[in-house]
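Here is what each chain is made of, one letter per residue.
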Amino acid sequence: MKKRIGMIGLGCPKNQVDAELMLAKLRGDFQIVDDVEQADLVIINTCGFIDAAKREAIETILTCAELKKQGVIEKILVTGCLAERYQNEITEQMPEVDGVIGLGKNGDIVEVCRELLGGESVCDFPDKYDLPLCGDRVLSTPGHFAYLKIAEGCSNNCTYCAIPAIRGKMRSRPIEDLVAEAKTLAESGVRELVIIAQDVTKYGLDLYRKLMLPELLDELCSIGGIEWIRLLYCYPDCLTDELIDTIARQEKICNYIDLPLQHADKDILRRMHRAGDEESLLALIAKLRARIPDVIIRTTFITGFPGETEEQFETLSRFTEEAQFDRLGCFAYSPEEGTPAAAMDGQLDDETKQRRADIIMRQQYGIFEKKQHARIGKTYRVLVDGFDEENLLYLGRTYMDCFEIDSQVILSTEEELLPGQFVNAKIIGVDELDLVGEVTTAD
């Protein structure tokens, strides 16, 4: 009988893809189980980006350690960003952990699991650039939806960010590899493809010596079966006219721009090693809205960056009100060890940082609420994600909403709907922040 492996995936979609690649390698030699309490070995694929993610990873490890103590599971393996970042510290401080491997060891996951289940301990950190970027995947998303990771690492070197130290410099995958993977995903039933990287707009710069995202998107749009293509993490300095025109021209590309701006004050942005200022960013937003029909613009901000004055925060607050973002997340600054920002003068107290983040989110709540109510009476194409067994309602999303990030459409219908099916729904109300839609026609 095959040994049973359970995987707990934490963190961002890029980390999720890494887990899917490992699961595909494991399924030939082991039985993959969804319930970790049924597993012989539990792999915890961790995030180590910010304090909250590190706390979640540590709590998950401790929970599994208790299961091991009770004899429910045999072995614990820690992988992912926390493992890459802290390496030997995990086994030194958590003796219940049987193995810790760096990103460059993911390709040897089968061998690692065999060694652990054979009674050996594993602690191995090869070159992070050995991380596999392609291969078969076991999708952990619903079958009609998948991520396509087009690049690994990042070369932007934002002063608050530990990603370059953890994941290395940006390295793009060849277009032909990405197109082949996207075709395989389409053949398996994927209808929505979400393009991810730390910065998708710089795709190809390292490999082809020029920005190649428009060319890649044109290739992906030609694949049958893929209905929606969504872009995550478009940095403003490389959001070129060519890319904007491609998004506007290609019907399959969702008119949805995730634009992580982080701030609007010029001096704060410079300290972050980011481009732009309030005036130039407002001009970019105006351009996007003028050239991409009904575009949805999502952004993220950081409050309480070292040295942020009340006046600089007021600039951000004013900018939020003027820009009227469709979607927005705001986070209190978290000093990450080893980053330049963590050593900067002017570190603010946690209360001030969080108070400012809360102010921005209250502003955005009012903006978003108005925008949602303005959609009542309009009809949208909705992708069905599934059925809410508790409330006996179908749930879906418009092009305006990314899976597990944004809001949903609660669908009212007498028909039976299937995940991955598209319907047209007239918006008849708003339930908290979700839209309520009445299905008019179904594909």
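In the block above lies the structure referred to throughout.
So, how was this worked out
Residues numbered from 1 in each chain as written. Predicted model: local features only at pLDDT ≥ 70, side-chain atom pairs only at ≥ 80, totals over all residues. Heavy atoms only, no water. Salt bridge = Lys/Arg side-chain N within 4 Å of Asp/Glu carboxyl O. Helix = DSSP H or I, 4+ residues; strand = E, 2+ residues; numbered from the N terminus. Buried < 20%, exposed > 50% of the residue type's maximum accessible area, 1.4 Å probe, protein only. Axes fitted to C-alpha atoms, helices over the stretch in contact; angles between N-to-C directions. Parallel < 35°, antiparallel > 145°, perpendicular 65-115°, else oblique. Left-handed = near helix turned anticlockwise from the far one by under 90°. Contact = heavy atoms within 4.5 Å. Nonpolar A, V, L, I, M, F, W, Y, C, P; charged D, E, K, R; others polar. Phe/Tyr/Trp six-rings, centres within 6.5 Å; stacked < 30°, edge-to-face > 60°. Lys NZ or Arg CZ within 6 Å of the ring centre and 35° of its normal. Pairing = 2+ DSSP bridges.

1. A word on the pattern of salt bridges
Throughout the structure, instances matching the rule amount to 36 salt bridges. Taking the shortest distance from any N to any O, the salt bridge between E74 and K3 comes out at 3.4 Å. With E74 in the loop between α2 (51-69) and β4 (75-80) and K3 in the segment before β1 (4-9), the pair connects residues that are 71 residues apart, well separated along the chain. Judged by relative accessible area, E74 falls into the partly exposed class, the value being 36%. Given the relative accessible area of 34%, K3 is considered partly exposed. For R173, the salt bridge identified is with E181, shortest N-O distance 2.7 Å. Residues joined by salt bridges that share partners form a network here, namely D18, K149, E152 and R167.

2. Observations concerning the packing of helix α1 (residues 13-26) against helix α5 (residues 109-117)
With their axes 9 Å apart at the nearest point, α1 and α5 run at an angle of 65 degrees to one another. When the axis of α1 is compared with that of α5, the two are roughly perpendicular. Crossing of α1 over α5 shows right-handed handedness. Two secondary-structure elements touch here, α1 through M22, K25 and L26 and α5 through I109, V110 and C113. For the contact of α1 with α5, the class distribution of residues is five nonpolar, no polar and one charged.

3. Some points on the packing of aromatic side chains
The relative placement of two aromatic rings is captured by the distance of their centres and the angle of their planes. Applying the stated criterion across every chain, the model contains nine aromatic pairs. Here W228 and F422 contribute two aromatic rings whose centre-to-centre distance is 5.1 Å and whose plane-to-plane angle is 70 degrees, an arrangement assigned as edge-to-face. You can see W228 sitting in strand β11 (residues 228-231) and its partner F422 sitting in strand β18 (residues 422-431), a full 194 residues away along the chain. Relative to F325, the ring of F301 lies with its centre 5.9 Å away and its plane at 80 degrees, an arrangement referred to as edge-to-face. A residue pair is termed long-range when its members are at least 10 positions apart, and F301 in strand β13 (residues 296-303) and F325 in the loop between α13 (310-323) and β14 (327-332) qualify at 24 residues. Each member of the pair, F301 together with F325, is buried. Among the aromatic residues, ring-to-ring pairing joins F145, Y147 and F403 into one connected group. For R230, the ring lying beneath its charged end belongs to Y256, and the centroid distance is 4.6 Å.

4. Observations regarding the pairing of strand β17 (residues 409-412)
Where strand β16 (residues 393-397) meets β17, three bridges bridge the pair, whose relative direction is antiparallel. The residue of β17 that forms the bridge with Y394 is L411. Here β17 runs beside strand β19 (residues 434-442); their pairing, made up of four bridges, is parallel. Of the residues in β19, the one forming a bridge with V409 is L435.

5. Thoughts on the sheet that holds β11
Ordered by their spatial adjacency, six strands build an open sheet running β7-β10-β11-β12-β13-β14, and the pairing between neighbours is parallel. If you trace the sheet from one side to the other, it starts and ends with β7 (145-149) and β14, each paired once. The average angle at which neighbouring strand axes cross in this sheet is 20 degrees, direction not considered. Examined bridge by bridge, strand β10 (residues 192-196) and β11 share four bridges and lie parallel to one another. Looking at β11, one finds that E192 is bridged to W228. Contacts from α1 reach β7 and β10, with the element oriented near 95 degrees to β7. In this fold helix α9 (residues 213-221) packs onto β7, β10, β11 and β12 (253-258), with an angle of close to 160 degrees to the strand it touches most, β11.

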